[in-house]
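One letter stands for each residue in the lines below.
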Amino acid sequence: MLATCLSSRYKSSASDARGPNMSQVDLLDNDSVFQLKGNMLAITVLELSRNDLSRLDRQLAQKVAQAPNFFHDTPLILSLDKLDEDDEALDLGALLDLCRRHGLRTLALRARRPLDIRAANDFDLPVLPPSNGTGRERALELREREPLKAEPAPEQEKPVEPTINPTKVITAPVRGGMQLYAPGGDLVVLSSVSPGAELLADGNIHVYGPMRGRALAGVKGDTKARIFCQQLTAELVSIAGQYKVAEDLRRHPQWGNPVQISLSGDVLNITRL
Amino acid sequence: MAKVLVVTSGKGGVGKTTTSAAIGTGLALRGHKTVIVDFDVGLRNLDLIMGCERRVVYDFVNVINNEATLTQALIKDKRLENLYVLAASQTRDKDALTLEGVGKVIEELKGSFEYIVCDSPAGIEKGAHLAMYYADEAIVVTNPEVSSVRDSDRMLGLLASKSKRAENGEDSIREHLLLTRYNPERVNKGEMLGVEDVEEILAIRLLGVIPESQAVLKASNQGIPVILDEQSDAGQAYSDAVERLLGKEMPHRFLDVKKKGFLQRLFGGNE
């Protein structure tokens, strides 16, 4: 019975532990921080239960196929403390290499067996204490195991997306000085938008009257958000922070026409509807 | 049922007080008992335009502070039976007005008048807010130029969100656009926004277009509401606007350039 245990917890998209520049001292400093704030750090623990690298390679490849975005320079704690006491010595170099090939960057080891600790020292990797210590650590471990049942890989990307709220529909003219925000969803304006008015949405923005104000779609960073309008005469359009002001928009051949605006890379594309 | 009418604009100097005086007088001329209330505390002008500045004893702020009764403060117009003016205080500022105080006075006026015309101060601060808060209808005075149109647009947004009707979820304030100081010649030259441009941007019902006219300044200086000058184009345009306000359909006049007569063309006389 050989099984690889890959458990991860993603609480936020930000990963402070990311980055290869971290010095040795910093990592050791992080030791206690990780233990205390286990729930707040976006950190993946790869818990190895059997010393079988070829199977690990195969199974990791499957996980990568399920969630390719997740396996991209992901910071990792290698947990070897579940390995059997009498299991043969682990080829740590091969294991680290394997992880790196699958986009996992090992920050530290969690080990119990003296030969693992020795190997870690050889590779200059910090060693964290085994997880079966205090009650707090056990509680963390339970939570780590939980996602296993629910096939964690496809779910890992969900928390990054904003939750979708009902679309906000405005029928009255949006006058100058007014600011409308559709949190977590789309904003639809059926009337005109005056100069000086500001439309904000986490999702898309649709304007069916003359659009003379400002429209900012994907304000929380959704690069897939779009702006649709029947008459592009806006003061400013922005998607996920990439913006164009009227000065530039005016020169566009689609000025005054029905258009959709989308983002590719950091370029705003304006295409006729 | 008494109607509270606010004359507002956001921008200053577009003709709010001239319009308040003209519309109020026009309503009284047609037999409706009307009071014009000056909300421009500290910069009162309405009494001058109405020609009653020498008869102001008590003012709006006195009534709010219970220093005078409404009957004492109301100034009866000398020309028209149905017309009264409630002057603003010149020695106080806008903070002298309170939401409750204004509400109390408006309620009291509703008991004896058909139309209560509120002459709003410029800006979007307290004075302007209080002037429009209790309104049933609004006349948004706009000059055909971009900054005035933008300010009117902002004011329309406030009318839709910051009035008593909006806060209580009642029917929204009925909005009318009154375009003043309109000069068709300059519109043709492209120096001024046209009626259609302004209507398109503001998207509200056009109550009237008042042409730029010497008669307005003359009337103001004499303290006679311009609507009483029946010979002038501005006076006629205001009369039309009052008719439309009372629900009558009238064609819009004074939108096109006047044709000059033969002699005028020869000698380039002033229009």
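This structure is a prediction, so every number in the text was calculated from the model and none was measured.

Thresholds applied
- Residues numbered from 1 in each chain as written.
- Chains lettered and ligands numbered in written order.
- Predicted model: local features only at pLDDT ≥ 70, side-chain atom pairs only at ≥ 80, totals over all residues.
- Heavy atoms only, no water.
- Helix = DSSP H or I, 4+ residues; strand = E, 2+ residues; numbered from the N terminus.
- Contact = heavy atoms within 4.5 Å.
- Areas by Shrake-Rupley, 256 points an atom, 1.4 Å probe, with all protein chains shown as cover.
- Buried < 20%, exposed > 50% of the residue type's maximum accessible area, 1.4 Å probe, protein only.
- pLDDT = per-residue confidence, 0-100.
- Axes fitted to C-alpha atoms, helices over the stretch in contact; angles between N-to-C directions.
- Parallel < 35°, antiparallel > 145°, perpendicular 65-115°, else oblique.
- Left-handed = near helix turned anticlockwise from the far one by under 90°.
- Phe/Tyr/Trp six-rings, centres within 6.5 Å; stacked < 30°, edge-to-face > 60°.
- Lys NZ or Arg CZ within 6 Å of the ring centre and 35° of its normal.
- Pairing = 2+ DSSP bridges.
- Polar contact = N/O pair within 3.5 Å; in protein donor to acceptor, adjacent residues only side chain to side chain.
- Buried area = accessible area lost by both parts, 1.4 Å probe.
- Salt bridge = Lys/Arg side-chain N within 4 Å of Asp/Glu carboxyl O.
- Patch = residues over 30% accessible without salt bridge, like charges linked within 9 Å, V, L, I, M, F, W, Y side chains within 5 Å.

Trainee: So, the overall build of chain B: which residues are in play, and what are the values?
Mentor: When its secondary structure is counted, chain B shows 13 helices and 8 strands. For chain B, long-range pairs separated by at least 24 residues make up 74% of all intrachain contacts whose partners lie at least 6 apart in sequence. Carbon and sulfur atoms provide 48% of the accessible area of chain B, an area that totals close to 12,400 Å².

Trainee: Account for the overall build of chain A, naming residues and giving values.
Mentor: Along its length, chain A carries 7 helices and 16 strands. Scored against the burial criterion, the 273 residues of chain A give a buried share of 44%. A separation threshold of at least 6 residues defines the contact pool for chain A, and within that pool the share at least 24 residues apart is 46%.

Trainee: Tell me what's going on with the confidence of the model for chain B, and back it up with residues and numbers.
Mentor: Per-chain confidence: chain B averages 92 in pLDDT, with 96% of residues scoring 70 or above. The ipTM for the predicted assembly is 0.75, set against a pTM of 0.65.

Trainee: Provide a residue-level description of the packing of helix α7 (residues 146-161) of chain B against helix α10 (residues 195-202) of chain B, including the pertinent values.
Mentor: All names here are of chain B. Closest axis-to-axis distance for the α7/α10 pair is 10 Å, and the angle between their directions is 30 degrees. Here α7 is positioned roughly parallel relative to α10, judged by the angle of their axes. Where α7 crosses over α10, the two elements pack in a sense that is right-handed. In this structure, α7 contributes V149, S152, D153 and L156 to the contact, and α10 contributes V198, I201 and L202.

Trainee: Break down the packing of aromatic side chains for me, citing the residues and quoting the values.
Mentor: Two numbers describe a pair of aromatic rings. These are the distance of the centres and the angle of the planes. Residues and elements named next belong to chain B. By the definition in use, this model includes 3 aromatic pairs over all chains. Seen in terms of ring centroids, Y84 and F113 are 5.4 Å apart; in terms of plane orientation they differ by 75 degrees. Their pairing is edge-to-face. Placement of Y84 in strand β4 (residues 83-86) and of F113 in the loop between α5 (99-112) and β5 (115-119) is noted, with a sequence separation of 29 residues between them. Aromatic pair Y133 and Y134: ring centres 4.9 Å apart, planes at 85 degrees, arrangement edge-to-face. Since its relative accessible area comes to 8%, Y133 is described here as buried. The buried category is assigned to Y134, whose relative accessible area is 16%. Directly above the ring of F113 sits K33, whose terminal nitrogen or CZ lies 4.9 Å from the centroid.

Trainee: I'd like a description of the pairing of strand β14 (residues 242-245) of chain A, backed by residues and values.
Mentor: All names here are of chain A. With 4 bridges connecting them, strand β13 (residues 236-239) and β14 associate as antiparallel partners. Residue pairing for β14: S238 is matched across the bridge by Y243. Linking β13 back to β14 in an antiparallel pair, the connection comprises 2 residues, with A240 at a positive phi of about 50 degrees.

Trainee: Quick one: what's the story with the side chain of H176 of chain B, residue by residue and with numbers?
Mentor: Residues and elements named next belong to chain B. The residue H176 is located in strand β7 (residues 174-182) in this model. With relative accessibility at 0%, the residue H176 sits in the buried group. Here E137 takes part through its side chain, which lies 2.7 Å from a polar atom of the side chain of H176. Side chain to side chain, H176 and R205 meet in a polar contact 3.5 Å long. Discounting residues that sit within four places of it in the chain, H176 has contacts with E137, A138, I139, V140, I204, R205, L207 and L245.

Trainee: So what's going on with the interface of chain A and chain B? Residues and values would help.
Mentor: Taken together, the 8 residues of chain A in the interface contact 11 residues of chain B. Across the interface of chain A and chain B, roughly 780 Å² is buried in total on both sides, 40% from carbon and sulfur atoms. Applying the counting criterion to the chain A and chain B interface returns 3 salt bridges. Salt-bridge contacts for D153 of chain B lead to R175 of chain A; the nearest nitrogen and oxygen are separated by 3.2 Å.

Trainee: Describe the pairing of strand β11 (residues 214-217) of chain A, and please don't skip the residues or the numbers.
Mentor: Pairing between strand β9 (residues 198-201) of chain A and β11 of chain A: 4 bridges, direction parallel. Pairing of L199 of chain A across the sheet is with A215 of chain A, part of β11 of chain A.

Trainee: So what's going on with the pattern of salt bridges? Residues and values would help.
Mentor: One pass over the full model with this rule turns up 22 salt bridges over all chains. Residue D97 of chain A is joined to R100 of chain A by a salt bridge in which the shortest nitrogen-to-oxygen separation is 3.7 Å. Taken together, the positions of D97 of chain A and R100 of chain A, both in helix α3 (residues 92-101) and 3 residues apart, correspond to about one turn of that helix. Taking the relative accessible area as the measure of exposure, R100 of chain A reaches 51% and is therefore exposed. Close ionic contact of R150 of chain B with E235 of chain A constitutes a salt bridge, the shortest N to O distance being 3.7 Å. With R150 of chain B in helix α7 and E235 of chain A in the loop between β12 (227-229) and β13, this pair bridges two chains. Classification of E235 of chain A by relative accessible area gives partly exposed; the value is 22%.

Trainee: Tell me about unusual backbone geometry, residues and numbers included.
Mentor: Most peptide bonds take the trans form, and the phi angle of most residues other than glycine is negative. Residue and element names in this part refer to chain B. Positive phi values are uncommon outside glycine, yet N66 reaches one of about 60 degrees. Within the secondary structure layout, N66 lies in the loop between α3 (60-64) and α4 (70-73). Residue class for N66 comes out exposed when judged on its relative accessible area of 61%. A positive phi is found at A203, a non-glycine position, where the angle reads about 50 degrees. Within the secondary structure layout, A203 lies in the loop between α10 and β8 (205-211).

Trainee: Describe the sheet that holds strand β3 (residues 75-76) of chain B, and please don't skip the residues or the numbers.
Mentor: All names here are of chain B. Strand order in the open sheet formed by 8 strands is β3-β4-β2-β5-β1-β6-β7-β8, and the pairing between neighbours is mixed. A strand with exactly one partner marks an edge of an open sheet, and here the two such strands are β3 and β8. Of the strand pairs in this sheet, β7 and β8 are connected by 5 bridges, and their pairing is parallel. Across the sheet, L179 pairs through a bridge with V209, a residue of β8.

Trainee: Provide a residue-level description of the sheet that holds β12 of chain A, including the pertinent values.
Mentor: Residue and element names in this part refer to chain A. Strand order in this open sheet of 6 strands is β6-β8-β10-β12-β15-β16, and the pairing throughout is mixed. The open sheet is flanked by β6 (168-170) and β16 (267-272), the only strands paired with a single partner. On average, each strand axis in the sheet is tilted by 15 degrees relative to the strand beside it, whichever way the strands run.

Trainee: For a nonpolar patch on the surface, give the residues involved together with the corresponding values.
Mentor: A cluster of nonpolar residues, V169, L190 and Y208 of chain A, forms a patch on the protein surface that exposes about 290 Å² of accessible area. With respect to the helices and strands, the residue V169 of chain A is situated in strand β6.

Trainee: How would you explain the environment of E247 of chain A if you had to name every residue and give the values?
Mentor: For E247 of chain A, the position within the fold is in helix α7 (residues 246-249). The sequence separation of E247 of chain A and L236 of chain A amounts to 11 residues, and the corresponding C-alpha distance is 8.9 Å.

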